[in-house]
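# Remarks on the overall topology
Given next are the chains, with one letter for each unit.
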Amino acid sequence: MENPTEYKRPRTRRCKTELSKCQDCESLLTDDNWSPSMQKYKRYTCKSCWTIRQLSYDKIPQSERNRRRKIAVSKWSEEKRKKESDRSYFKRILTEHGLTKEQYELMIKDQNNSCAICNTKESGGRGRWHVDHCHSSGKVRGLLCKSCNLFLGLAKDNINILTEAISYLRKEENGTTD
């Protein structure tokens, strides 16, 4: 396998029969050369041909893979695009914050579909609420609009900075400057 041949995907997909064959090399697929995951996802390719395919794919530059992905995604329906976007978002907040989709939806419902700080009904940005969390403990505090999330981030979640900002605004409001 030092010099794997370039993989070309067959035009037609095979249907599973009692004796399934590899779609590349035509060898019979058995439990020895056909993994359970390949069987589950109906990939009629033996392990050695799959390895060649993967090695061939790995040679494609990342920029070309991204270009191909972009073309494929552009053909998706709006419904599929939204579904994939939601799946990706909720997978990320589960990984980063341990927050499930159900917990997120319950949290936003408890906040009356508004920001936990300014009570705006508009999330801003890409239309999703930002998950605010304590950077030292990792505990989720609430869901914020884009502006409030930026505000806390720029203040480095520091209570002293926020207190000084309030004092500064009160001085300006009262017309006193030092």
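Basis of the calculations
- Residues numbered from 1 in each chain as written.
- Predicted model: local features only at pLDDT ≥ 70, side-chain atom pairs only at ≥ 80, totals over all residues.
- Heavy atoms only, no water.
- Buried < 20%, exposed > 50% of the residue type's maximum accessible area, 1.4 Å probe, protein only.
- Helix = DSSP H or I, 4+ residues; strand = E, 2+ residues; numbered from the N terminus.
- Pairing = 2+ DSSP bridges.
- Expected span 1.5 Å × (residues − 1).
- Polar contact = N/O pair within 3.5 Å; in protein donor to acceptor, adjacent residues only side chain to side chain.
- Core = buried A, V, L, I, M, F, W, Y, C linked by side-chain atoms within 4.5 Å.
- pLDDT = per-residue confidence, 0-100.
- Salt bridge = Lys/Arg side-chain N within 4 Å of Asp/Glu carboxyl O.

Burial of strand β2 (residues 140-144) is extensive: four of the five residues sit out of reach of the surface. Here four bridges tie strand β1 (residues 130-133) to β2, and the two strands are oriented antiparallel to one another. The partner of histidine 130 across the bridge, within β2, is leucine 144. Connecting β1 to the antiparallel partner β2 that follows it, the hairpin turn spans six residues, and glycine 138 within it adopts a positive phi of roughly 85 degrees.

Across its 16 residues, helix α7 (residues 159-174) extends 22 Å between first and last C-alpha, which sits within 8% of the 22 Å expected from 1.5 Å per residue. Burial analysis of α7 places just one of its 16 residues in the buried class, a small minority of the element. If you check the start of α7, you find a side-chain oxygen 2.8 Å away from the backbone N of asparagine 160, and it comes from asparagine 158. Glycine 175 sits one or two positions beyond α7 and adopts a positive phi of about 80 degrees.

Core analysis: the biggest nonpolar cluster contains 17 residues, and Tyr89, Ile93, Tyr104, Cys115, Trp129, Val131 and Leu143 have the highest contact counts within it. Secondary structure elements with two or more residues in this core: α4 (78-97), α5 (101-110), β2 and α6 (146-154).

With that settled, consider the confidence of the model for the chain. Of the residues in the chain, 88% reach a pLDDT of 70 or more, and the chain-wide mean stands at 86. Averaged pLDDT values for the elements of the chain fall to 81 in helix α1 (residues 36-40) and rise to 96 in α5.

The full count for this structure, using the stated rule, is 10 salt bridges. Note that glutamate 64 is salt-bridged to arginine 67, the shortest N-O span being 2.7 Å. Of this pair, glutamate 64 and arginine 67 both sit in helix α3 (residues 62-74), three residues apart, which is roughly one turn of the helix. Residue class for arginine 67 comes out partly exposed when judged on its relative accessible area of 43%. Notably, a salt bridge pairs arginine 141 with aspartate 157, separated by 3.1 Å at the nearest N-O pair. Highlighted residues: arginine 141 in strand β2 and aspartate 157 in the loop between α6 and α7, separated in sequence by 16 residues. Where salt bridges share partners, they join Glu64, Arg67 and Arg68 into one cluster.

Another aspect to go through is the environment of leucine 28. Mapped onto the elements of the fold, leucine 28 is located in the segment before α1. A C-alpha to C-alpha distance of 9.8 Å links leucine 28 and tyrosine 44, two positions 16 residues apart in sequence.

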